[in-house]
Amino acid sequence: MELTQADRQHLDKSKQDTGSLGNTDVGLKYDSGRVAHDFSCIHSKDLLPAEDGEEATKHFLQELVNILLAYINKSLKRSSKVLDFHYPHQLKEGLEGFSLELPDQPDNLEQLLVDCRDTLKYGVKTGHPRFFNQLSTGLDIIGLAGECTYESKFFSFYRFTYEISPVFILMEEVVLRKMHSIIGWPEEDGDGIFCPGGTMSNLYSVLLARFHLFPVVKTHGMSAIPRLALFTSAHSHYSIKKSAAVLGIGSENVIVGLVPFYVNATAGTTVYGAFDPLNEIADICKHHGLWMHVDAAWGGGLLLSNKHRVKLQGIERAHSVTWNPHKMMGVPLQCSTILVKKKGLLQECNQLCAEYLFQPDKHYDVSYDTGDKSIQCGRHVDVFKLWLMWKAKGSEGFEAQINHCLENAEYLYYKLKRRSDFQLVFKGKPEHSNVCFWYLPKRLQSILPSPERDRELHMVAPKIKTKMMEEGFTMIGYQPLEDKVNFFRCVFSNPATQREDVDFLIDEIVRLGCEL
């Protein structure tokens, strides 16, 4: 499609405008009032690689960038809401022209831009300074730049051979070597890959441990080896049990069984942020010849802090480590690694030497064809945003960021400790940035602990959370655990969060719950 001269003039006028977009009867406009291009007559087939599609493509992407900039600015403003909550039936039925239904005929680009804007509008702003609900929070601009760069079709090559992904293969090698050295492993040893999340990283650790002790399982299956058991703590991540189920070991053979082969130690549990005693566990594993894995998905970032890395003392004795930079390091989701102490084991365990990909007689060193190390063939390029952020911050920048998050947790802990309307789940100072507590409405403060009081207290957090989500100004998670009734869990991983946000959270909980 060829643009008219009038269209070109309108498009040229809009080049420098970075305002947000609004839907009007003359197409999409900037807030400044200057008309951009009327995208209602343009469809995806008119964009590149269509002939004469360059101008339309450029201005469509500029409009999209404006939407993203407006969203980023709003996400970081404390005066904006964390979420604009709607119930599932409301979103399914459609809101203000936003529909999830798929059409038979193509929508025009104006509708697609509206859809992009509304998708962001009705989602949760996890980068907001007052979002405390998950372990992965924050919005790092350099990380976002890295995400956008390699998500372009030009760069989103599958990473399985050096010939199609030379820079990212070498970049991964450099980043993994850096992480090995931080753990305390010799740089010449060690291996690893980036994985689609901590669950897959933990699954790799069980897979490797089983292969290391019983290599025959790769070709002859579970019937050729003894019935196995693996050990983990009661508060470990559920992915350990899931890995046992997926790999045919059986979820009931976690903790108990016939032939122990693997021990999972957790460095930063999901709910409490607790750290298992790694050196003591390593002593037992060494004595009995067991594979030791450390799930440091949440706690691994503390290795970058000189003040807090002591909590992971003994991690260098592990055979494998899971570390998720998309948590404490603030890298955009997803960014997870499985780090392995023994070089070559990933390759031995997983390679099948597909000849159409992994030819041994290539003109370069084929050890850089890393695709056969993984269960997958192609993998998402997760290393680039981490590499770019590391270049931008340095290790010192990550350290300051992590220390700040734990200082926020300590601030909340001491604030709650001094109040009669809150009760901490644990009296001691938190090991990580998790702070767990109950809010006590006035009517419960004078009641002695009893089953009846617990039943009443169990309903407090869900009721407050419901009101909190409907109003949308902050967000925090809750859960029961073992014999403890529903309690709030506040986690800090967003460097944008300040003490004023912690104060706001406390005030909101009191405001929403005082009449319960």
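Residues numbered from 1 in each chain as written. Predicted model: local features only at pLDDT ≥ 70, side-chain atom pairs only at ≥ 80, totals over all residues. Heavy atoms only, no water.

Per an unreviewed UniProt entry, the protein chain goes by the name Zgc:163121 and belongs to Cyprinus carpio. As recorded by UniProt, the Subunit (unreviewed entry) comment attached to the protein chain reads in full: "Homodimer." The UniProt entry for the protein chain carries the following comment under Cofactor (unreviewed entry): "pyridoxal 5'-phosphate". (UniProt positions renumbered as here; feature names shortened; annotations may be inferred.)

**A word on the UniProt feature "modified residue: N6-(pyridoxal phosphate)lysine" (unreviewed entry) in the protein chain**
Within this numbering scheme, the UniProt entry marks Lys327 as carrying the feature "modified residue: N6-(pyridoxal phosphate)lysine" (unreviewed entry). Here Lys327 is to be found in the loop between strand S8 (320-323) and strand S9 (336-340). On the basis of relative accessible area, Lys327 is assigned to the buried category, the value being 14%. (Helix = DSSP H or I, 4+ residues; strand = E, 2+ residues; numbered from the N terminus. Buried < 20%, exposed > 50% of the residue type's maximum accessible area, 1.4 Å probe, protein only.)

**What to know about the domain arrangement of the protein chain**
Segmenting the protein chain into domains produces domain 1 (5-125), domain 2 (156-381) and domain 3 (388-513). Measuring from the centre of the C-alpha atoms in domain 2 to the corresponding centre in domain 3 gives 31 Å. Contact residues are listed per partner, giving 29 residues for domain 2 and 26 residues for domain 3. Summed over both partners, the interface of domain 2 with domain 3 buries about 2300 Å², with 63% contributed by carbon and sulfur atoms. Among the residues of domain 2 in contact with domain 3, Val271, Tyr272 and Met328 are the three that bury the most area, contributing 30% of the side total. Remark: the boundary between domain 2 and domain 3 carries zero salt bridges. Counting across the domain 2 and domain 3 interface gives eleven residue pairs in polar contact (both at pLDDT 80 or more). The residue makeup of the side of domain 2 that touches domain 3, split by class, is 14 nonpolar, eleven polar and four charged. (Domains from an automatic or database assignment. Contact = heavy atoms within 4.5 Å. Buried area = accessible area lost by both parts, 1.4 Å probe. Salt bridge = Lys/Arg side-chain N within 4 Å of Asp/Glu carboxyl O. Polar contact = N/O pair within 3.5 Å; in protein donor to acceptor, adjacent residues only side chain to side chain. Nonpolar A, V, L, I, M, F, W, Y, C, P; charged D, E, K, R; others polar.)

**A look at unusual backbone geometry**
Look at the link from Leu48 to Pro49: it is a cis peptide, with omega at 15 degrees. Structurally, the position occupied by Pro49 is in the loop between strand S2 (27-30) and helix H2 (54-75). With omega at -5 degrees, the peptide bond leading from Leu333 into Gln334 counts as cis. Secondary-structure assignment places Gln334 in the loop between S8 and S9.

**Here's the deal with helix H12 (residues 383-417)**
Given a rise of 1.5 Å per residue, 35 residues ought to cover 51 Å, yet the end C-alpha atoms of H12 are separated by just 41 Å, more than 12% below that figure. Of all the bends in H12, the largest measures some 85 degrees and sits at Gly394. (Expected span 1.5 Å × (residues − 1). Bend = angle between axes of the 7 residues up to and from the residue.)

**Some details on the state of the cysteines**
Here is the idea: a disulfide is a covalent bond, and it sits between the sulfur atoms of two cysteines. Counting across every chain of the model gives zero disulfides. Among the cysteines around Cys490, which has no disulfide bond, Cys436 carries the closest sulfur, lying 9.3 Å off. (Disulfide = S-S within 2.5 Å.)

**Side note on the pattern of salt bridges**
Scanning all chains against the criterion turns up 23 salt bridges. Measuring nitrogen to oxygen at the nearest pair gives 2.7 Å for the salt bridge that ties Lys362 to Glu163. With Lys362 in the loop between helix H11 (345-350) and H12 and Glu163 in the loop between helix H5 (141-151) and helix H6 (166-183), this residue pair connects regions lying 199 residues apart in the sequence. By relative accessible area, which is 16% here, Lys362 ends up buried. Put simply, Arg78, Arg130, Glu500 and Asp501 are held in one network by salt bridges that share partners.

**Focus: the pairing of strand S6 (residues 259-266)**
Extensive coverage of S6 is indicated by the burial of six of its eight residues. Here strand S5 (residues 228-232) runs beside S6; their pairing, made up of five bridges, is parallel. Looking at the pairing, Leu228 lines up with Val259 of S6. Strand direction decides the pairing type here: S6 and strand S7 (residues 291-296), joined by five bridges, are parallel. Pairing of Ala265 across the sheet is with Val294, part of S7. The handedness of the S6 to S7 crossover, carried by helix H10 (residues 278-288), is right-handed. (Pairing = 2+ DSSP bridges. Right-handed = clockwise from strand over helix to strand, strands pointing away.)

**Some details on the sheet that holds S5**
With mixed pairing, the six strands of this open sheet are ordered in space as S4-S9-S8-S7-S6-S5. The outermost strands of the open sheet, each flanked by one partner alone, are strand S4 (191-195) and S5. For this sheet the average axis-to-axis angle between neighbouring strands, irrespective of direction, equals 20 degrees. With five bridges connecting them, S4 and S9 associate as antiparallel partners. Considered in S9, the bridge of Phe194 is made with Thr337. Most of the contacts of H6 go to S4, to which it runs at about 115 degrees, and overall it touches S4, S8 and S9. (Axes fitted to C-alpha atoms, helices over the stretch in contact; angles between N-to-C directions.)

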